[in-house]
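# Residue-level structural notes
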Amino acid sequence: MADKSKLGLEFPPYVYEVERGKIAEFAIAISQKESKSQIKQIYADSAAAKAAGYKDVIPSPTFQTCFALWGGEGLMPMIQAININLGRLLHGEEEYEYLAPIYPGDVMTGVTKVVDMYDKEKKGKPGKFMEFTVLETEIKNQRGEVVIRNRTTLVER
Amino acid sequence: MTKALTYESINVGDAMPTFTSDPITRTHIVRYAGASGDFNPLHHDETFAKMFGMPRIISHGMLVMGITGRAITEWIDDKNLRKFGVRFSAMTEPMDLDDPGSKDRATIIVTGTVVEKFEEAGEKRIRCEIQSADATGNVKIMGSFVAAVS
């Protein structure tokens, strides 16, 4: 059971340096490909990215999921801190607002807060509840610019 | 190549090009786990999935969102994406390689429709509603995105 006393909890900031290789690796994964040569080249090749009007390679739209998972302590401590049962955890919603570009070498700092916790009765199962935990993260780069605002809803079924 | 999108040429009700993924395999899921850092065993360890009454592992929802993002950025330039949000409505099981009939449940089809044209933050933007369903029609993701269009 998610621990409702965790509402308002702010996790320690994570710091993640954006790596060129990770950008390509992530793009290969979401593109269901095997190698850098098979993906859109703005994710893999600096010259191709520049030709397309970018300063360098850029990450694909959901890449920032890596920041907390690799830059922080990973998923497990967060789940344990809120006291969610891992086997019953479902991802409910995910939302990104893109405010500034991200390039290799940028250093991201993210602060995640628990902004809402609520229950919803399961359809057709009176007295049985799904528990929702809403996290908000503001991600800034090394210049202090907010680059991404992110909202994640976790569900314990 | 589709011709460049312009604010004048695009209309509410227009469809975004339909995108069909490869059938998701356990190998895709493992690759995504490593790339993203999400090592929830529910996504790679069948013995763990079975402890929770599930017949097999399931894909990361974020892999399906990633595939959905790929569908969007095959249509609009990455640099023009302003917002992207989804609600996950069903789990996605990978295909079993020894069961060709399981291919459809693991194939993600992304569709979208322009629902709004507007100006915000000094630029012209469109909002599209999107849906990602498997090839049997089971909806995995409902969501929307906002993109700048010149």
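## Let's talk about the pattern of salt bridges
All names here are of chain B.
- Overall, the coordinates contain 24 salt bridges over all chains when judged by the stated rule.
- In this structure, the salt-bridge partner of D96 is R105, at a minimum N-O distance of 3.2 Å. R105 carries the same exposure label as D96, and that label is buried.
- R125 is the salt-bridge partner of E120, the closest N and O atoms lying 2.5 Å from each other.
- Within the structure, one salt-bridge network assembled from shared partners comprises R26, E46, R56, E93, D96 and R105.

## Notes on the sheet that holds strand β2 (residues 81-88) of chain B
- If you trace the 10 strands from one edge of the open sheet to the other, you get β1(A)-β3(A)-β4(A)-β5(A)-β2(A)-β2(B)-β5(B)-β4(B)-β3(B)-β1(B), paired in antiparallel fashion. Only two strands of the sheet have a single neighbouring strand rather than two, namely β1 (14-17) of chain A together with β1 (15-20) of chain B. The average angle at which neighbouring strand axes cross in this sheet is 20°, direction not considered.
- Of the pairings in the sheet, the one linking strand β2 (residues 89-98) of chain A to strand β5 (residues 146-156) of chain A comprises 9 bridges and is antiparallel in character. Bridging across to β5(A), L89(A) finds its partner in E156(A).
- Along the sheet face, helix α4 (residues 75-82) of chain A touches β2, β3 (107-122), β4 (125-140) and β5 of chain A and points at about 130° away from the line of β4(A).

## Regarding the interface of chain B and chain A
- With 40 residues of chain B at the interface, the matching set in chain A holds 41 residues.
- Contact between chain B and chain A buries roughly 3,300 Å² in total, counting both sides, with carbon and sulfur atoms accounting for 56%.
- Connecting chain B to chain A are 3 salt bridges.
- Across the salt bridge formed by E93(A) and R87(B), the nearest N and O atoms sit 3.1 Å from each other.
- Counting the contacts that link chain B with chain A gives 18 residue pairs in polar contact (both at pLDDT 80 or more).
- Looking at the side of chain B that touches chain A, the elements that each hand over two or more residues are α1 (26-36), α3 (61-73) and β2 of chain B.
- Along the lines of polarity and charge, the residues of the side of chain B that touches chain A split into 19 nonpolar, 10 polar and 11 charged.
- Relative to β2(B), β2(A) runs antiparallel, the two being bridged by 5 bridges. Pairing of E95(A) across the sheet is with G85(B), part of β2(B).

## Quick look at the pairing of β1(A)
All names here are of chain A.
- Burial of the side chains of β1 is restricted to one face: Y14 and Y16 are buried, whereas none of V15 and E17 on the reverse face is.
- In the sheet, β1 pairs with β3 via 4 bridges, with the strands oriented antiparallel. The residue of β3 that forms the bridge with E17 is V107.

## Some thoughts on the side chain of H60(B)
- Among the secondary structure elements, H60(B) is positioned in the loop between α2 (46-51) and α3.
- Not counting the four nearest positions on each side in its chain, H60(B) is found in contact with I29(B), Y32(B), A33(B), D38(B) and H43(B).

## What to know about the confidence of the model for chain B
- Scored by pLDDT, chain B comes out at a mean of 95, with 98% of its residues at no less than 70.
- Taken together, the chains of this predicted complex give a pTM of 0.94 and an interface ipTM of 0.96.

The rules behind the values
Residues numbered from 1 in each chain as written. Chains lettered and ligands numbered in written order. Predicted model: local features only at pLDDT ≥ 70, side-chain atom pairs only at ≥ 80, totals over all residues. Heavy atoms only, no water. Salt bridge = Lys/Arg side-chain N within 4 Å of Asp/Glu carboxyl O. Buried < 20%, exposed > 50% of the residue type's maximum accessible area, 1.4 Å probe, protein only. Pairing = 2+ DSSP bridges. Helix = DSSP H or I, 4+ residues; strand = E, 2+ residues; numbered from the N terminus. Axes fitted to C-alpha atoms, helices over the stretch in contact; angles between N-to-C directions. Contact = heavy atoms within 4.5 Å. Buried area = accessible area lost by both parts, 1.4 Å probe. Polar contact = N/O pair within 3.5 Å; in protein donor to acceptor, adjacent residues only side chain to side chain. Nonpolar A, V, L, I, M, F, W, Y, C, P; charged D, E, K, R; others polar. pLDDT = per-residue confidence, 0-100.

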